[in-house]
Every structure is written in C-alpha cells, then in structure tokens.
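Geometric and topological summary
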Amino acid sequence: MKKIGLYFGTFNPIHMGHLVIANHMVEFSDLDEVWLVVTPHNPLKKKSTLLDNHHRLEMVYRATEGYSKLKPSDIEFGLPQPNYTVNTLVYLKEKYPKHHFSLIMGEDNLKNFHKWKNHDVILKENDIYVYPRITKGQTEESRFDSHPSINKVDAPIMEISSTFIRNAIAEQKNIKPLLNAKVWEYIDLMNFYK
C-alpha cells in the first residue's frame, strides 16, 4: 500500500518554504509521495486575494517539475464548496483504495485542529505528520501532542509566507530567491500580485 502525504494549501503562490517542507517530508519519513493539494477556497480565508485555481495549480506544476515524489493535485476543484478536509479524505479513499492517506500540517494548524469538522474521525483514520513552526504567543502544549496518530517530523523551520511574497511583489521588491525559478517566471509573465 502506497503511503501518500497530503499537503493542503492555497499556494498563492507556492514558494521555496512549501517545497522544502514537502520534499523533507517525503525524504525523511515513511511517506512514498507527497501530493500538494491546491485548495480552491479555504472557508477561513478571504477569497478576494486568491488567484484563480488554474493559475495556482500551474505554479505548483512548475514548482514540482523535477521532484518525482511530489505531485500537484487538483482533487478538491471538483468537490462542493466550501470544502472540508474530512470530505476530501472520504473521496480519496474511494477513488484510490490501494493508497493510505496522511495529512501534513504545521504545528500552528495542530493547535486549532480541534476546530476542524470531524477532526476526531480524521485522527482515527489517518496519520498526521507535523512540521515545526515558530508560534508567537502560544506556548501551551497542544492537546494532540501525545496522540498515536500524530508524527512530529524534525523538518527545517520555514518562516516564509505567501502573504509576504505577494506584498513584496506589489512593492516591486526582488524576492526571486524565495520562489522556484519557473514559478517566478510565470508570476512575472502574468503580472500577478502587482
């Protein structure tokens, strides 16, 4: 059975931090592949700043070329909106019965995991791989830290945000080192975030 890590994100845009984490997860855990799942619209985020789904998917395709274990996924594009992770997992299990799916999330998301729809079902049926984040102000232990489905991975701490990148582009700053070259070319060509 193939072990697939699902790394959900708006990827608006995908940056080197996303790639470093996804690649670290697939190389230094028991996952066989990581699927970067482009989310059409997170119910918790304002939609106005989001590029169209196909543009964000195109950037993920460009960013993951040359990484055989990293796969772009548009699996959520066809699901009803707003979509919840638990529904995506049910759909994936039906579509790919020979795969075992796990979630990849940052420590900051784990702290709010109890607010997710059917989080108890997700925990019962899936492993969660957690990468470290520098969390400001929240030092209390997460209630899920000792749960058997939670796997903390000692991945590099990446403090790059898509918001920072969008703002920097709008201010005409050179942020090329933070982006895969093909992603930067696409953003520049399409005149995004200006």
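Please refer to the structure higher up on the page.
These notes cover the structure that comes with them. (Residues numbered from 1 in each chain as written. Predicted model: local features only at pLDDT ≥ 70, side-chain atom pairs only at ≥ 80, totals over all residues. Heavy atoms only, no water.)

1. Focus: the overall build of the protein chain
Operational definition: Only DSSP runs of H or I reaching four residues or more are called helices, and only runs of E reaching two or more are called strands; each is numbered from the N terminus. Radius of gyration here is computed from C-alpha atoms only, and the compact-globule reference equals 2.2 Å multiplied by the residue count raised to the power 0.38. For every residue, the accessible area (1.4 Å probe, protein chains only) is compared with the maximum for its type, and the residue is labelled buried under 20%, exposed over 50%, or partly exposed between those bounds. Throughout, a contact is declared for two residues whenever any of their heavy atoms are within 4.5 Å. Each accessible area is a Shrake-Rupley result for a 1.4 Å probe, and residues are judged covered by the shown protein chains and nothing else. Just so you know, the count uses Lys and Arg for positive and Asp and Glu for negative, and it drops His and the chain ends. A charge is said to be at NZ when it belongs to Lys, at CZ for Arg, at CG for Asp and at CD for Glu.
A count of helical and extended segments in the protein chain gives seven helices and six strands. Listed by position from the N terminus, the elements making up the protein chain come as β-α-β-α-β-α-β-α-α-β-β-α-α. The C-alpha radius of gyration of the protein chain comes to 16 Å, within 12% of the 16 Å expected for a compact globule of 194 residues. Overall, the C-alpha framework of the protein chain stretches about 45 × 40 × 30 Å when taken along its three principal axes. Put simply, the protein chain has 194 residues, and 46% of those count as buried. Sequence separation of at least 24 residues holds for 72% of the intrachain contacts in the protein chain that already meet a minimum separation of 6. For the protein chain, the accessible surface area stands at approximately 10400 Å², while carbon and sulfur atoms represent 50% of it. In the protein chain, the 25 positive side-chain charges and the 23 negative ones have mean positions that sit 4 Å from each other.

2. Comments concerning unusual backbone geometry
For the peptide bond that leads from Asn12 to Pro13, omega is 5°, which places it in the cis range. Locating Pro13 in the fold gives a position in the loop between strand E1 (2-9) and helix H1 (16-27). Even without being a glycine, Phe11 presents a positive backbone phi close to 50°. Within the secondary structure layout, Phe11 lies in the loop between E1 and H1.

3. With respect to helix H2 (residues 53-64)
We apply this condition: Under the convention used throughout, the expected extent of a helix is 1.5 Å for every residue step, that is, one less than its residue count.
Here H2 contains 12 residues, and its C-alpha end-to-end distance of 17 Å stays within 8% of the 16 Å for a straight helix at 1.5 Å per residue. Those residues of H2 not exposed but buried are His55, Arg56, Leu57, Met59, Val60, Ala63 and Thr64. Those residues of H2 hidden inside the fold are in contact with H1, strand E2 (33-38), strand E3 (70-73) and helix H7 (181-190). Looking at the residues trailing H2, positive phi occurs at Gly66, about 90°.

4. Some details on helix H6 (residues 162-170)
Our working definition: The arc in question is formed by the directions pointing from the helix axis toward the C-beta atoms.
When H6 is considered as a whole, its buried residues turn out to be Ser162, Ile165, Arg166, Ala168 and Ile169. For H6, the angular spread of the buried residues around the axis is 165°, confining them to a single face. Looking one or two residues beyond H6, the residue adopting positive phi is Gln172, at roughly 60°.

5. A look at the sheet that holds strand E5 (residues 128-131)
Adjacent strands of a sheet pair through backbone hydrogen bonds, lying either parallel or antiparallel. Applied cut-off: Any two strands with at least two DSSP bridges between them are considered paired. Axis lines are fitted to C-alpha atoms, over the contacting stretch for helices. Their N-to-C directions set the angle, which ranges from 0 to 180 degrees.
Pairing is parallel in the open sheet, where six strands are placed in the order E3-E2-E1-E4-E5-E6. The strands lining the two open edges of the sheet, one partner per strand, are E3 and strand E6 (150-152). Across the sheet, the mean angle from the axis of one strand to that of its neighbour is 30°, orientation sign disregarded. Pairing of E5 with E6, which is carried by three bridges, proceeds in the parallel orientation.

6. Things to note about the nonpolar core
Where we set the bar: Buried Ala, Val, Leu, Ile, Met, Phe, Trp, Tyr and Cys residues that are joined via side-chain atoms within 4.5 Å together make up what is termed a nonpolar core.
Counting residues in each nonpolar core, the largest one holds 36 residues, and the members touching the most others are Ile14, Met25, Val34, Leu36 and Ile187. Of all the secondary-structure elements, those providing two or more residues to this core are H1, E2, H2, E5, H6 and H7. Once residues within four sequence positions are removed from consideration, Val34 is found in contact with Gly5, Tyr7, Ala22, Met25, Val26, Lys69, Leu70, Lys71 and Ile104. Core analysis: the second largest hydrophobic core is formed by 20 residues, Phe8, Val86, Leu89 and Ile150 among them.

7. As for the packing of H2 against H7
Rules: Each residue receives one of three labels: charged for Asp, Glu, Lys and Arg, nonpolar for Ala, Val, Leu, Ile, Met, Phe, Trp, Tyr, Cys and Pro, and polar for the others, Gly being one of them.
The contact between H2 and H7 brings their axes to 8 Å, and the two run at 150°. Across the interface between the two elements, His55, Glu58, Met59, Arg62 and Ala63 from H2 touch Lys182, Val183, Tyr186, Ile187 and Met190 from H7. Classifying every residue of the contact of H2 with H7 by side-chain character gives six nonpolar, one polar and three charged.

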